[in-house]
Amino acid sequence: MGVRNLGEYFHRIPGFGTSINYMGQMELEVRGVKTFNSEKIKFMVDGHSINEIHTSSVAWGFSQFDLMPVEYIRQVEIIRGPGSALYGTSAFLGVVNVITRDSGEIDGFEVCASAGSFDFHKETVVFGKRWGEFGISGSFEYNDTNGDELKVRSDGLGNSGKTLFPREVSDINLKAKYQDFTMLFKRHEKEEGPYLGIAYILNDDTKQKYTQYFVELDYERELSDKLHLFSRVYYDYYDFDTFFETMPEGSFSGYYPDGAKMASFYKDDNIGSEIRLGCQLLSKNYLTCGFLFERFKRHKLAMEGNLSTETYEPVPWYRRSGNHPLNWNKYNVTQKIWAVYFQDEWEDIIRDVNLTMGVRHDNYSISGSTTNPRIGINWSISDKANLKFLYGMAFRSPTVEELYNKNNGQIEGNPDLDPEIIQTYEAGLFYRFNSAFKGNITCFHSKVEDLINNTATSYENIGDMTVSGVELEFDGRLNDKSTFYLNYTFQDAEDDETHRNLPDVAEQKGNIGGNFELSRYLTLNANFYVCGKKKRAHGDPRSDISSYERLDTSLTFHNFFKNLEMSVSIFNLLDEDYKDPSPDMNLTGMESDFPREGISGWLTLRYRF
């Protein structure tokens, strides 16, 4: 793919956009809606959700969306639009499912070593082997970087300096199959620095450590010619350990001589099970029904610091843990979730028209119930053209953070929050010009209600918005080993109350790129990305964020030596000086935006045996 991690892939997808926040974590924007935690997108690995429970986010644990080594990824399935009818909470703006490679596809070992700018290095092992009915595959990756030191002209205190974003990551994946059983295991651990800092203030003493793993056992079998069974049980574990320097040493004319520092810790887990039946009722009808149950529980909660969260004055170092009344969140949180869902598929319900209908009901022991339908019509108007019409409704349940935050000098939680709701109407035309070239156009209109936003004191359901747009895609095959693509996105996102465009989101963007075989020994991967300007929040005195272009290229040398491959990648080849928008200056006090890295290089050696 010509990318270092999955996060670098998303801006190439129509309707998607990427940016970073003050902690250096990547934010995903989908169809004009961007949020701090990317919590409105369901992320899965081989069908297993990896959105953590506390914030419903992937961005904290997988800050660059480095979900797993790109060498172990077989396919990335992306659904734009509501997906709650099948996938539940967080399948709000879209669904991403990363599918890993099977043992038979690998059939041996692959060893990769990479090095590049900012003292970056990465070591990866991918393996897979099959013996009769038993197969096993997996990957291990370790990477480390000091990060680019980027200039910040004015932070939240008006100070200048440079960003700090060192990162150290280890990632383990395992998939074993025997007859009708499949076992999945993933463990991801990361430690990283502040980039800028949690209070929009440059500092050198913030450290965050995240550990997340899951194990899942699946059983899948064809019970008869017309009846299919899938069942699974799974366990998820989350351990977040964060140390924040909110004010550097000597700030405010020495008022904080040692700096203002706070640490927070939590350990959560989730256990669940699901059973799904698929049945061929009629020759052209297929019904799927399923039931899911989960139990979330908190096992550890603590905070430490030398800053009073009541007066914001320096105090002797303290520790609050468990049920301490001044702890930063609710300790004894247990939530039970059950859901039931149905999907009915009809082929040729009218000649050349296929119909899919789905509905799901979720019940949360803390935040109540919600029901979400989805309907799709696909009309084959010719052997080259298809029309599709979709309607979907989705929800996002309030998170533990939004419900119970307290005593941490930030926004208070609100246990009376309602789920966020989105309804989307979508129409698309797909056309295949010939066997090598195809294109499609998609128009969408979304209405978002009860958005959870923070006020000066707490989280509230105070946001409604309307988003409309068009996505154009065209791709083709020049020969057996050379392909190209181009896409364009237009999106108009508006606040329903003020009728102003949403800030920090580009109205237009697009890509052109592909993979090109230059010779038997050399392949070029290139992507040219154009992002339009982004407007500021109303009342923000700064000028709009300028448009920018970015060119990423990768040359792969192969067939020189048996089983050996070498890639040379240059990111931001034009050395474009661009920035991602920092939030409203009136709220943060920060004049500068978030700087992005300039030109950088990367060398990878890959050997298969």
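Conventions adopted
- Residues numbered from 1 in each chain as written.
- Predicted model: local features only at pLDDT ≥ 70, side-chain atom pairs only at ≥ 80, totals over all residues.
- Heavy atoms only, no water.
- Salt bridge = Lys/Arg side-chain N within 4 Å of Asp/Glu carboxyl O.
- Helix = DSSP H or I, 4+ residues; strand = E, 2+ residues; numbered from the N terminus.
- Buried < 20%, exposed > 50% of the residue type's maximum accessible area, 1.4 Å probe, protein only.
- Pairing = 2+ DSSP bridges.
- Core = buried A, V, L, I, M, F, W, Y, C linked by side-chain atoms within 4.5 Å.
- Contact = heavy atoms within 4.5 Å.
- Polar contact = N/O pair within 3.5 Å; in protein donor to acceptor, adjacent residues only side chain to side chain.
- 1 Å grid on protein atoms, 1.4 Å probe; cavity = no way out; pocket = protein on both sides within 12 Å on 5 of 7 lines; lining within 4 Å.
- Points joined across faces, edges and corners; volume = space filled by probe spheres on them.
- Nonpolar A, V, L, I, M, F, W, Y, C, P; charged D, E, K, R; others polar.
- Phe/Tyr/Trp six-rings, centres within 6.5 Å; stacked < 30°, edge-to-face > 60°.
- Lys NZ or Arg CZ within 6 Å of the ring centre and 35° of its normal.

Digging into the pattern of salt bridges
It is possible for side chains of opposite charge to pair when their charged atoms get near one another. Summed over the entire model, instances satisfying the criterion amount to 51 salt bridges. A salt bridge links Arg 80 to Glu 471, with the nearest nitrogen and oxygen atoms 3.2 Å apart. With Arg 80 in strand E6 (residues 73–80) and Glu 471 in strand E26 (residues 459–479), this pair connects stretches of sequence that are 391 residues apart. Glu 471 carries the same exposure label as Arg 80, and that label is buried. Between Asp 239 and Lys 267 there is a salt bridge, and its shortest N-O distance comes to 3.9 Å.

Quick word on unusual backbone geometry
With a phi angle near 50 degrees, Arg 31 is a residue other than glycine that sits in the positive phi range. In this structure, Arg 31 sits in the loop between strand E2 (26–30) and strand E3 (33–34). Here Asp 575, not a glycine, exhibits a phi torsion of approximately 55 degrees, which is positive. Within the secondary structure, Asp 575 sits in the loop between strand E31 (564–571) and strand E32 (579–580). Its relative accessible area of 43% is what places Asp 575 among the partly exposed residues.

A closer look at the sheet that holds E6
Strand order in the open sheet formed by four strands is E5-E4-E7-E6, with mixed pairing between adjacent strands. The two strands at the open ends of the sheet, each matched to only one other strand, are strand E5 (48–49) and E6. Pairing between strand E4 (residues 41–45) and strand E7 (residues 94–100): five bridges, direction parallel. Residue pairing across strands places Met 44 opposite Asn 97, the latter belonging to E7.

Remarks on the sheet that holds strand E1 (residues 16–20)
Within a beta sheet, neighbouring strands are joined by backbone hydrogen bonds and run either parallel or antiparallel to one another. Spatially, the three strands line up as an open sheet ordered E1-E2-E3, and their pairing is antiparallel. Looking at the sheet topology across the chains shown, the edges are occupied by E1 and E3. In this sheet, E3 lies alongside E2 in antiparallel orientation, the contact comprising two bridges. Following the sheet pairing, Val 30 is matched in E3 by Val 33.

Some words on the nonpolar core
The biggest cluster of nonpolar side chains holds 38 residues, and the ones touching the most others in it are Leu 6, Phe 10, Phe 43, Ile 50, Leu 67 and Val 96. Listing elements by their share of this core, those giving two or more residues are E2, E4, E6, E7, strand E25 (437–454) and E26. Look past the residues within four positions of Val 96 in its chain and what remains in contact with it is Phe 10, Phe 16, Ile 41, Lys 42, Phe 43, Met 44, Val 76, Glu 77 and Ile 78. Within the second largest apolar cluster, 14 residues are counted, among which are Ile 201, Tyr 256, Ala 260 and Leu 301.

Some words on the side chain of Arg 396
As for its position among the elements, Arg 396 is in strand E23 (residues 385–396). In this structure the side chain of Arg 396 is engaged in a polar contact, spanning 2.9 Å, whose partner is the side chain of Glu 402. At 2.8 Å, the side chain of Arg 396 and the side chain of Glu 420 are in polar contact. Ignoring anything within four residues of it in the chain, the contact list for Arg 396 reads Glu 39, Lys 40, Thr 89, Ser 90, Phe 92, Glu 402, Pro 419, Glu 420 and Ile 452.

Regarding empty space enclosed by the protein
Inspection of the entire model under this criterion finds five cavities of 30 Å³ or more. Considering only enclosed or pocket space, the largest cavity measures out at about 660 Å³ in volume. If you go around the largest cavity, you meet 39 residues; those closest to its centre are Arg 4, Glu 8, Gln 64, Arg 167 and Glu 597. Sorting the residues of the lining of the largest cavity by element identifies E1, strand E9 (120–131), strand E10 (134–145), strand E13 (167–178), strand E30 (548–557) and strand E34 (600–608) as the ones contributing at least two each. Taken together, the residues that form the lining of the largest cavity break down as 16 nonpolar, 13 polar and 10 charged. Of the volumes computed, that of the second largest cavity is approximately 70 Å³. If you trace the second largest cavity, you find it lined by Val 45, Asp 46, Tyr 72, Thr 100, Asn 173, Leu 174, Lys 175, Leu 184, Phe 185, Lys 186 and Phe 214. Counted by class, the lining of the second largest cavity contains six nonpolar, two polar and three charged residues.

Digging into the packing of aromatic side chains
Counted according to the given criterion, the structure contains 34 aromatic pairs. An angle of 25 degrees between the planes, with centres 5.0 Å apart, marks the rings of Tyr 213 and Tyr 237 as stacked. With Tyr 213 in strand E15 (residues 207–224) and Tyr 237 in strand E16 (residues 227–247), this pair connects stretches of sequence that are 24 residues apart. One aromatic cluster is present, formed by Tyr 9, Phe 10, Phe 16, Phe 43 and Phe 65 through successive ring pairs. Positioned above the aromatic ring of Phe 571, the side-chain terminus of Arg 4 is 3.9 Å from the ring centre.

A look at the pairing of strand E29 (residues 522–531)
Counting buried positions along E29 gives seven out of 10 residues, so the element sits mostly inside the fold. With 10 bridges connecting them, strand E28 (residues 508–519) and E29 associate as antiparallel partners. The partner of Ser 519 across the bridge, within E29, is Leu 522. With antiparallel pairing between neighbouring strands as the criterion, E28 and E29 make up a hairpin whose turn holds two residues.

Read these as layout, nothing more, since geometry by itself doesn't imply function.
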